[in-house]
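Working through the structure, step by step
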Amino acid sequence: MPECKTNSDGITLELIVGILKKHKWLMLLSLILSGFVSAAVVMFSPQTYHARCVMFTEEHSYVAESMKMIAKMQGIDVGNINTAEDAIYPIYYPELLFDGRMQSYVLNSRVTGTDGKSCPYGQHIRKDQTRLRPKDLDATHPTQLTDSLQKVLMKNVKIMVDGKTFVITIDVKDDDAMVAYTMCDSVERYIARTIREYRADRLGQKLEHLEKVEENLAKRTNEAYEVYTDYADKHQQATLPSVSKHTDELFKEAENLKALTEAVRLERINAAARMNDGTPPYIIIEKPSVPSHRQGMDATFTIISTMFVLFLAVMLCFLARPIYEQIKA
C-alpha cells in the first residue's frame, strides 16, 4: 500500500487503517452492541398518544381591496376597509396558547381518562394529580404552580400554522388516548369560537364603517352631479374646446363617484349578509379522533444515529492512545 501524506503531527492514514484492522473484531462487536443499545433506546423511550386536528381559515375580502384601489385612483380616501378580515390573521394563532384566557380554559377543561376518572386537565398533567385550587388554574393571574402547569401545557399542546395556506394544525400528546383526544377537541373548539367572535366583531366594525363611507360618497356624488349640471346649463351656448373638456371632466368625476358609491353599497350588503350567515369562516379538514397507538421516537433515525455515535466513540477509544504516542514522538 503506498504511504499516505503525513501532516505536521506525523499521523498517517496508513497508521489509522492499521489500528482499525488490528481491532477489527472488537470494532464489529462494538457495532453489534451499539445496534442493541440503540434498539433498546427506541424501545424504552417515552411513547405517547397524539391526537390531531387540521383547520383551514378563509382569506380576507378581495372586493374591499379592489374597491380601495379604485378609490385611491380617484383620489378618494374610503378608510382602511381592509382591516376587517373575516377571520384572525393566521400569524396570530400560535400566540393563542400564550393567552391567559385560553390557558385557563384549557387547564379547566375536564378530561376523562381510559380509567374512567374525571378531573380538570391542569390536575391531570400534574405528576401526582393532586387536587388544585381554583386560583392555580387561573392563568390570567398565574401563581408559581400555574407557571409550572403552563410549561407542561406548552409542551403537550402544539398549534402550527402554515402562513401560505392558512392551514392550522393542532397536535396534543398525552399518556392517555382519551385525554389526548378530549384536549385536541377542546383546543379546536376554543379556536373556532375565537374565530367566530372575532369575525362578528370585525364585520360589525366593517359594516358600520361602510355605512358611513356610503353616506359620504352618496353626498359627494350628488354634489358632483349638481356642479356638472349647473356648469353645463350655464355654458350651453359655449363652443370653446376648453369649456367642452371641462364639462366632460365634471361628468366623468360624477360618474366615477357614482360607481364607487355603488361598489361600497354592494360591499356593505355583502358584509351584512356575511354577518347574518351562520357558515363559519373555517373548514375542519381533519377532525380529532381517539388515537389507536402510541408514537415515540423515529426508530430508523434513532437507531442509525445512536449506532454511529457509539461506534465513533469506541473507535476513538482504540485510536486515542496510538495517536497520542505518535504525536508525542
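My aim in this report is to walk through the structure given alongside it, one point at a time. These numbers were taken from a predicted model, which means no experiment stands behind them.

So, how was this worked out
Residues numbered from 1 in each chain as written. Predicted model: local features only at pLDDT ≥ 70, side-chain atom pairs only at ≥ 80, totals over all residues. Heavy atoms only, no water. Helix = DSSP H or I, 4+ residues; strand = E, 2+ residues; numbered from the N terminus. Buried < 20%, exposed > 50% of the residue type's maximum accessible area, 1.4 Å probe, protein only. Areas by Shrake-Rupley, 256 points an atom, 1.4 Å probe, with all protein chains shown as cover. Phe/Tyr/Trp six-rings, centres within 6.5 Å; stacked < 30°, edge-to-face > 60°. Core = buried A, V, L, I, M, F, W, Y, C linked by side-chain atoms within 4.5 Å. Contact = heavy atoms within 4.5 Å. Pairing = 2+ DSSP bridges. Axes fitted to C-alpha atoms, helices over the stretch in contact; angles between N-to-C directions. Salt bridge = Lys/Arg side-chain N within 4 Å of Asp/Glu carboxyl O.

**Examining the overall build of the protein**
- What the protein contains, in helices and strands, is nine helices and six strands.
- In the protein, buried positions account for 35% of the 329 residues.
- Working note: accessible area of the protein is about 20500 Å², and carbon and sulfur atoms make up 58% of it.

**Concerning the packing of aromatic side chains**
- Following the criterion strictly, the structure yields two aromatic pairs and no others.
- On the numbers, 5.0 Å between centres and 40 degrees between planes, the contact of Tyr 105 with Tyr 190 is tilted. One end of the pair, Tyr 105, is in helix α4 (residues 100-108); the other, Tyr 190, is in helix α7 (residues 177-234), and 85 residues separate them in sequence.
- Overall, Tyr 105 belongs to the partly exposed group, its relative accessible area being 23%.
- Classification of Tyr 190 as buried rests on a relative accessible area of 7%.

**Focus: the nonpolar core**
- Of all hydrophobic cores here, the largest spans 30 residues; its most connected members are Met 55, Tyr 121, Ile 170, Val 187 and Ile 191.
- Looking at this core, the elements that each hand over two or more residues are β1 (49-57), α4, α6 (144-156), β4 (157-162), β5 (167-174) and α7.
- Considering every element that reaches this core, the biggest residue donor is α7, with ten residues.
- With sequence-adjacent residues up to four places away left out, Ile 170 is seen in contact with Ala 51, Arg 52, Cys 53, Met 55, Lys 158, Cys 184, Val 187, Glu 188 and Ile 191.
- Among the nonpolar cores identified, the runner-up in size contains ten residues, and Leu 207, Val 213, Val 264 and Ala 271 belong to it.

**Describing the sheet that holds strand β6 (residues 282-286)**
- Spatially, the four strands line up as an open sheet ordered β4-β5-β1-β6, and their pairing is antiparallel. Every interior strand has two partners, whereas the edge strands, β4 and β6, have only one. Shown here is a sheet whose adjacent strand axes are inclined to one another by a mean of 25 degrees, direction ignored.
- Taken together, the six bridges between β4 and β5 define a ladder with antiparallel strand orientation. Within the sheet, the bridge partner assigned to Val 157 lies in β5 and is Val 172.
- The sheet strands contacting α7 are β1, β4, β5 and β6, and the helix crosses β1 at an angle near 20 degrees.

**Overview of the pattern of salt bridges**
- Here the structure, examined in full by the defined rule, presents seven salt bridges.
- When the shortest N-O distance is used, the salt bridge between Arg 189 and Asp 185 registers 2.9 Å. Of this pair, Arg 189 and Asp 185 both sit in helix α7, separated by four residues, roughly a single helical turn.
- Judged by relative accessible area, which is 41%, Arg 189 ranks as partly exposed.
- Residue Glu 214 pairs with Arg 268 through a salt bridge whose shortest N-O separation is 2.4 Å. You can see Glu 214 sitting in helix α7 and its partner Arg 268 sitting in helix α8 (residues 241-276), a full 54 residues away along the chain.
- The exposure class of Glu 214 is buried, given its relative accessible area of 15%.
- Of the residues examined, Arg 268 reaches a relative accessible area of 22% and is grouped as partly exposed.

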